[in-house]
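Geometric and topological summary
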Amino acid sequence: MHHEFGLDPEIIYLNHAAVAPWPRRTEQAVVAFAGENRRLGATRYPEWLAREACLRQRLAALIGAASPDDIALMKNTSEALSVIAEGFPWRRGDNLVSFADEFPSNRLPWQALSGRGVETRLAPLNACDPEQALLALCDARTRLVSVSSVQYANGLRIDLEQIGAYCRRQGIRFCVDAIQSLGALPFAVDAVKADFVVADGHKWLLGPEGLALFYSRPSAREELRLVQFGWHMVEAVGDFDAGDWRPARSARRFECGSPNQLGIHALDASLSLLLEIGIEEIARRIEARVAAIIDEIDARGFELLTPRDATRRAGIVTFRVPGMDSQALYERLMAHQVICACRGGGVRFSPHFHTAPEQIRKAFTILSHLLSRAGA
């Protein structure tokens, strides 16, 4: 499957936790769609709708959803979380619980509810048992818990099943921002007992920006007040002359306007590759690359910020070089075509299944050279 990737040989790409490069088939799908549109316009729109239906089926399979009707296609994770936050039936005095240091997409929509009398409670991620610290903040007025499956800064993998089981027992809705795990780890929505799952397509799913998964359990879906309206979210979609209307029974009720057909063609192609290989196999390959990175970190005496326990990590490895400013080191690595990120006070590497082991070794050779020049 390595023929699916054609990165510039001068680039060492270790930044899939930010924006991933596309597979060849995704590029080809976009080129073909653009060419068809140029030649034929929307003549084949029924085929476009079939591609959209295929994508919903692939996304449902990816997370183990009961039906593609439970899948909405949103612009991004932030939009999906905002739809939940603004549509949820809050009462003044309610609270929701999350982790401190979540990515802003999974923090700002909740904090914006303060004007409606809804409290946001944040548990520390650095607790010995972060899940128990989170659940300890829940009480009789907790209506929703929202967490990232994998934390973006240090790669901490959260025990979603533990949190989901507690929420189900207590009648609390459970929302998972899965952007840092879908495409890198298996995900089973029933095992997690999630009511909502959201994830952009441009990281581990190897797709484009501008298209995201939004899963909603049917009972939870019915609770959300609609906050966006348009022709595409009605049950009788396409009946433009109807005087009355009702929202779609499916998750399409959250899609107010025209679908992103270009993004749909691209993400569908990317998912076809991931599902061909199998998420279990992808997770195994990613873990091997993560372990190789950690070995390189240990061999050089760097400080590992990501958990060592393999059950507590996914595809993210964050580390710090003692005595070196991480932002400055990141900038030097980027200048030498080691594409990475600066997060959580360290340098973040995030390989995917197709990352060649020799690329990892080369990245650390470059890093050692930079440190020797700096006198570190």
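Structural notes, computed from the coordinates. Here the structure is a predicted model, which is why all the values come from computation and not from measurement.

Structural notes on the pattern of salt bridges
Oppositely charged side chains can form a pair if their charged atoms are brought close together. Under the criterion given, the structure shown has 27 salt bridges. Across the salt bridge formed by R25 and E4, the nearest N and O atoms sit 2.7 Å from each other. Linking R25 in helix α1 (residues 24-40) with E4 in the segment before β1 (12-13), this pair joins segments that are 21 residues apart in sequence. By the burial criterion, R25 is buried, and E4 matches it. D195 is the partner of R173 in a salt bridge, and the nearest nitrogen-oxygen pair spans 2.8 Å. Remark: D195 occurs in the loop between α7 (189-192) and β7 (196-200) and R173 occurs in strand β6 (residues 173-177); sequence separation between them is 22 residues. Each member of the pair, R173 together with D195, is buried.

Describing the environment of H336
Inspection of the secondary structure puts H336 in the loop between α11 (326-335) and β11 (338-339). On the basis of relative accessible area, H336 is assigned to the partly exposed category, the value being 36%. Considering only alpha carbons, one finds H336 and A363, 27 residues apart in sequence, at a separation of 9.3 Å. Among all residues touching H336, those that are not within four sequence positions of it are I366, L370 and R373.

Remarks on the sheet that holds strand β12 (residues 341-343)
What the four strands build is an open sheet, ordered β9-β10-β13-β12; its pairing is antiparallel. Each having just a single partner strand, β9 (303-304) and β12 make up the two edges of the open sheet. The strands touched by α11 are β10 (317-320), β12 and β13 (346-349); relative to β13, the strand with the most contacts, the crossing angle is about 40°.

Each value, and the rule that gives it
Residues numbered from 1 in each chain as written. Predicted model: local features only at pLDDT ≥ 70, side-chain atom pairs only at ≥ 80, totals over all residues. Heavy atoms only, no water. Salt bridge = Lys/Arg side-chain N within 4 Å of Asp/Glu carboxyl O. Helix = DSSP H or I, 4+ residues; strand = E, 2+ residues; numbered from the N terminus. Buried < 20%, exposed > 50% of the residue type's maximum accessible area, 1.4 Å probe, protein only. Contact = heavy atoms within 4.5 Å. Pairing = 2+ DSSP bridges. Axes fitted to C-alpha atoms, helices over the stretch in contact; angles between N-to-C directions.

Function cannot be inferred from these measures alone, as they are strictly geometric.
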